[in-house]
Amino acid sequence: MGCGSQASEFDCVLQLGQSAANAAFLKHWDTWITQSDIQEIASVGLNTVRIPLGYWIKEDLVYSDSEHFPQGAFPYLERVCTWARDAGLYIILDLHGAPGAQHAQNAFTGQFAPTAGFYVSWQYERAIQWLEWITQIIHTNKAFATVGAIELVNEPLQIAASPDVQSMINSYYPNAWTRIRAVEDKLGITPNNRLHIQMMDAKWGSGNPNQGLNDLYFALYDDHDYVKRTPNVAANRDAYMQFSCHDDRGGNSPVIVGEWSLSTADEDGSQFSLGNSDAVSWYRNWWAAQVMSFEKQTGWIFWTWKVNWIGGRDDWRWGYQQAVQAGVIPTNPADAFTYNACNGF
């Protein structure tokens, strides 16, 4: 895309300039996820897509003098939601990049910000305006007919007792909830057609998301489970299998494991290396162990559908499509229960 070593959308736009960045991102959005991708997602037994969005897709929220993001994304969001709707897929829209950045120096926020600036009232207000806007669109634009949930913020800080997290739980969450429901009330949306409102569950480490809420009707929770980042899990195959076969993701309910992968610690030149003769069979069993654990809850969404690493390296530890092509993941996810992957663990 021409971003070079820049770590985020914000930095890329600064480097390329607005016009050149817009052209690069428009080309990416137009070609990276196609209708055939959506059809393939449905054909391999998946029924849900989670689409991560930055607040800057609502372009009037962006401070033009100090914030720099690619422009023109909304028609592509509308298009991909139409394809997903036509394929019969449930859609979760996730506020992945929040105003001010919910994490410091983390590119998933869209800006490699020096500090986490999200946790103040005026940034909450911008996020809530985004949620009101997307709620209105979901209920009035037929392209969004199978969007059933919106996530208030992806992966906030994992320090439950911090003032920042406490203000998010006690201020942002309840105010966002109230304002989303007010939009639905104004539109005359019946209770059974309301959106599920999703928050990271308590296992994430940002405290109890229900703490400031008076209403939990159609609440939904998000749990991210990357084994290689789990404390006290040794970097070897047996430890990974032992953990995944007994992994209990229960907590706030209903919960979806909204991000996970087959990525490991010490990947290359170790027992996790893709070059090992039994790599496909071992990763297949580990995939199955995780699926069986997550199916005890409301389900799971793999991160991500496909990858294209620099240099053309397609690593199926992160790309579901590549893992299917490699024979690691079957075309019917229910096959996970036929592998006896956890025997001996």
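Here's what I pulled together on the structure shown here. Source: prediction; values computed, not measured. (Residues numbered from 1 in each chain as written. Predicted model: local features only at pLDDT ≥ 70, side-chain atom pairs only at ≥ 80, totals over all residues. Heavy atoms only, no water.)

With that settled, consider the sheet that holds strand E6 (residues 255-259). Pairing is parallel across the open sheet formed by 6 strands, whose spatial order is E1-E2-E3-E4-E5-E6. At either end of the open sheet lies a strand with only one pairing partner, and these are strand E1 (48-54) and E6. Sheet twist, expressed as the mean angle between neighbouring strand axes with direction ignored, is 30°. Here 4 bridges tie strand E4 (residues 196-200) to strand E5 (residues 219-224), and the two strands are oriented parallel to one another. Looking across to E5, one finds that Ile197 is bridged to Ala219. (Pairing = 2+ DSSP bridges. Helix = DSSP H or I, 4+ residues; strand = E, 2+ residues; numbered from the N terminus. Axes fitted to C-alpha atoms, helices over the stretch in contact; angles between N-to-C directions.)

Taken as a whole, the second largest pocket holds about 280 Å³ of empty space. Around the second largest pocket, the lining is made up of 13 residues, and of these Gln158, Trp204, His224, Tyr226 and Arg229 lie nearest the centre. Counted by class, the lining of the second largest pocket contains 4 nonpolar, 3 polar and 6 charged residues. (1 Å grid on protein atoms, 1.4 Å probe; cavity = no way out; pocket = protein on both sides within 12 Å on 5 of 7 lines; lining within 4 Å. Points joined across faces, edges and corners; volume = space filled by probe spheres on them. Nonpolar A, V, L, I, M, F, W, Y, C, P; charged D, E, K, R; others polar.)

With that out of the way, let us pick up the packing of aromatic side chains. Here the structure, examined in full by the defined rule, presents 29 aromatic pairs. On the basis of an interplanar angle of 75° and a centroid distance of 5.6 Å, the ring pair of Tyr55 and Phe69 is categorised as edge-to-face. Placement of the pair is Tyr55 in the loop between E1 and helix H4 (74-86) and Phe69 in the loop between E1 and H4, with a sequence separation of 14 residues. Across the pair, Phe69 and Tyr55 agree in class, each one buried. Ring geometry for Tyr240 and Phe272: centres 4.7 Å apart, planes at 40°, overall tilted. Of the two residues, Tyr240 is situated in helix H7 (residues 237-245) and Phe272 in the loop between E6 and helix H8 (279-294); the sequence distance between them amounts to 32 residues. We note that Tyr240, like Phe272, is buried. Members of the aromatic cluster, connected to one another through ring pairs, are Tyr240, Phe272, Trp282, Tyr283, Trp286 and Trp316. Directly above the aromatic system of Tyr226 lies the positively charged group of Arg229, at a separation of 4.7 Å from the ring centroid. (Phe/Tyr/Trp six-rings, centres within 6.5 Å; stacked < 30°, edge-to-face > 60°. Buried < 20%, exposed > 50% of the residue type's maximum accessible area, 1.4 Å probe, protein only. Lys NZ or Arg CZ within 6 Å of the ring centre and 35° of its normal.)

Moving on, we come to unusual backbone geometry. Of note, the amide linkage connecting Ser253 to Pro254 takes the cis form, showing an omega dihedral of 0°. As for its placement among the helices and strands, Pro254 is situated in the loop between H7 and E6. Following Trp303, the chain continues into Thr304 via a peptide bond in cis, with omega recorded as 10°. Within the secondary structure, Thr304 is located in the loop between H8 and helix H9 (320-325). Located in the positive-phi region is Ala101, a residue other than glycine, with phi close to 80°. Its identity as a non-glycine residue notwithstanding, Phe218 has a phi of 60°, on the positive side. Of note, Phe218 is situated in the loop between E4 and E5.

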